[in-house]
Amino acid sequence: MAACTSDDAPASAPLPAGAAGSGGGFGGAGAAVGGAGRPVPVAGRVGRAGASGAASGGTGALTPRAGAVASDDAGQEDPPPSQPDAAVGGAASFSDSFEAGEALDPARYEVVMPDCSGSGSATIDGSSAHSGTRSLRIQGAAGYCNHVFVRAKALTGALAAPLYVRVFIKVAAPLPAGHTTFVAMHDARENKALRLGGQNEVLVWNRESDDATLPELSPTGVGLSKPLTPATWHCLEWLVGVAPPAIATWLDGQPVTGLTLDAVATADVDRQWQRKADWAPQLDDLRLGWESYGDQTNTLWFDDLAVGTSRLACSP
């Protein structure tokens, strides 16, 4: 896989390891997660929920790959993990349908392309929308220096955990074989990015600090992910959990097996990711855009963005 370049976000001091479960907020909102508490099964494993209990969907529980039932420290049986759609319909702490005007509002958004800039662009487009009449259009050009991202100012600073995001996305061309990124989230703990994009023509998570991918880029791993159909609006959702670490991804309401991280290292899926045993992301921004590490180009549209601490429905 192509080597990945440095993160777009400005450098910030890593947070102490003990802060891994603390919740910041989307402009101050959001429940904290972490600390000691009753073990909660997450994808067939036992993890710790917050002492006071998380918000709906706050444990980040995933569907287990195996049917094992965990038990807590006192030997009492835990309830079964929640299904991927159990928290659908939660409240958003931040949302935008990009209907406010014909241009990006500089009071709400900033376009970021540090290190170098080129022909990549971000605009409000009135010719295509999932809902309403406008969407965010990204013209993704080839090469790292043509990268471009849009960052919501309300989504800077420590983001609440667990982090659930839903956005509708449309691409003009299929995801290419080469590595690309269209979602980047700065991890203050590593001062690197957690990235969602494509490789081998399917959706792939990438951890910039060690270039780990989710799924692994074997034929089996690639087969467990999904492509994006050009000229089609897709509902893309993801969860990033911290206590315990977890990633889940849904496309058009269905879980994507290859884009799932849990505590059980699974060949061709998350075994490579789990080699960094102490990974506990401290996310402090959310960026939508395009980054190519070769000659890949594309045009992307984003609409009906929503962020919260429980899973959101695939509707604006």
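Here's what I pulled together on the structure shown here. Residue numbers restart at each chain and count upward from 1, following the sequence in its written direction. pLDDT decides what is reported in this predicted model: residues at 70 or higher carry local features, side-chain atom pairs at 80 or more are listed and counted, and totals for whole chains, interfaces and linings draw on all residues regardless. The side-chain numbers reported here are obtained from all heavy atoms of the structure, hydrogens and water having been left aside.

1. Details of the overall build of the chain
Under the convention used in this document: Numbering of helices and strands runs from the N terminus; a helix is a DSSP stretch of H or I covering at least four residues, while a strand is a stretch of E covering at least two. Partly exposed residues are those whose accessible area sits between 20% and 50% of the maximum for their type, while under 20% is buried and over 50% is exposed, using a 1.4 Å probe and protein chains only. By definition, residues are in contact when any of their heavy atoms lie within 4.5 Å. Only the protein chains shown count as cover for residues, and all accessible areas are computed by the Shrake-Rupley method using a 1.4 Å probe.
From N to C terminus, the chain includes 1 helix and 17 strands. When the 316 residues of the chain are sorted by exposure, 52% land in the buried category. Long-range contacts, defined as pairs at least 24 residues apart, comprise 71% of the intrachain contacts of the chain with a sequence gap of at least 6. Of the roughly 11,900 Å² of accessible surface on the chain, a fraction of 53% belongs to carbon and sulfur atoms.

2. A few points about the sheet that holds strand S11 (residues 202-207)
So the rule is basically this: Strands qualify as paired when DSSP identifies two bridges or more between them. Only the stretch in contact is used when fitting a helix axis, every axis being a line fitted to C-alpha atoms; angles between N-to-C directions are given from 0 to 180 degrees.
Taking strand neighbours across the sheet as the criterion, the 7 strands line up as S4-S7-S16-S9-S10-S11-S12 in an open arrangement whose pairing is antiparallel. A single partner strand is all that each edge strand has here, and the edge strands are strand S4 (109-112) and strand S12 (212-214). Taken pair by pair, the neighbouring strands of this sheet meet at an average axis angle of 30°, ignoring direction. Relative to strand S7 (residues 148-152), S4 runs antiparallel, the two being bridged by 4 bridges. Within S7, the position partnered with Glu110 by the bridge is Arg151.

3. Some details on the side chain of Asp284
How we decide: Only four residue types enter the charge count, namely Lys and Arg as positive and Asp and Glu as negative; His and the chain termini do not. Any carboxyl oxygen of Asp or Glu that lies within 4 Å of a side-chain nitrogen of Lys or Arg is treated as forming a salt bridge with it. Polar contact is the term for a pair of N or O atoms within 3.5 Å; when the atoms are in protein, one must be able to donate a hydrogen and the other to accept it, and sequence-neighboring residues count only if both atoms are side-chain atoms.
Following the sequence through the fold, Asp284 ends up in the loop between strand S15 (254-255) and strand S16 (287-292). Despite its burial, Asp284 remains without a salt bridge, the nearest opposite charge being carried by Arg287 at 6.7 Å. Only 2.8 Å separates the side chain of Asp284 from the side chain of His186, close enough to count as a polar contact.

4. Some thoughts on the packing of aromatic side chains
Rules: Any Phe, Tyr or Trp ring, taking Trp's six-membered ring, that has another such ring centre within 6.5 Å forms a pair; planes under 30 degrees apart are called stacked, those over 60 apart edge-to-face, and the others tilted. Cation placement over rings: the criterion is NZ of Lys or CZ of Arg within 6 Å of the ring centroid and within 35° of the ring normal.
Taken as a whole and judged by the stated rule, the model has 3 aromatic pairs. Stacked on the ring of Trp301, the Lys or Arg Lys170 has its end atom at 4.7 Å from the ring centre. Stacked on the ring of Trp273, the Lys or Arg Arg207 has its end atom at 4.6 Å from the ring centre.

5. Brief notes about the state of the cysteines
To keep things clear, this is the line we draw: Only a pair of cysteine sulfur atoms within 2.5 Å qualifies as a disulfide here.
Here the structure, examined in full by the defined rule, presents 2 disulfides. Covalent S-S linkage joins Cys116 and Cys145, the inter-sulfur distance amounting to 2.3 Å. Measuring handedness by torsion sign, the sulfur bridge of Cys116 and Cys145 sits at about -100° and is left-handed. One end of the pair, Cys116, is in the loop between S4 and strand S5 (121-125); the other, Cys145, is in the loop between strand S6 (135-140) and S7, with 29 residues separating them in the sequence.

6. So, the pairing of strand S10 (residues 192-199)
Within S10, 7 of the 8 residues are buried, which leaves it mostly tucked inside the rest of the structure. Between the antiparallel neighbours strand S9 (residues 180-187) and S10 lie 4 residues, among them Asn191 with a positive phi of about 55°. Pairing of S10 with S11, which is carried by 6 bridges, proceeds in the antiparallel orientation. Within S11, the residue paired with Gly197 across the bridge is Val204. Where S10 folds back on S11, the antiparallel hairpin that results is connected by 2 residues, among which Asn200 adopts a positive phi of roughly 55°.

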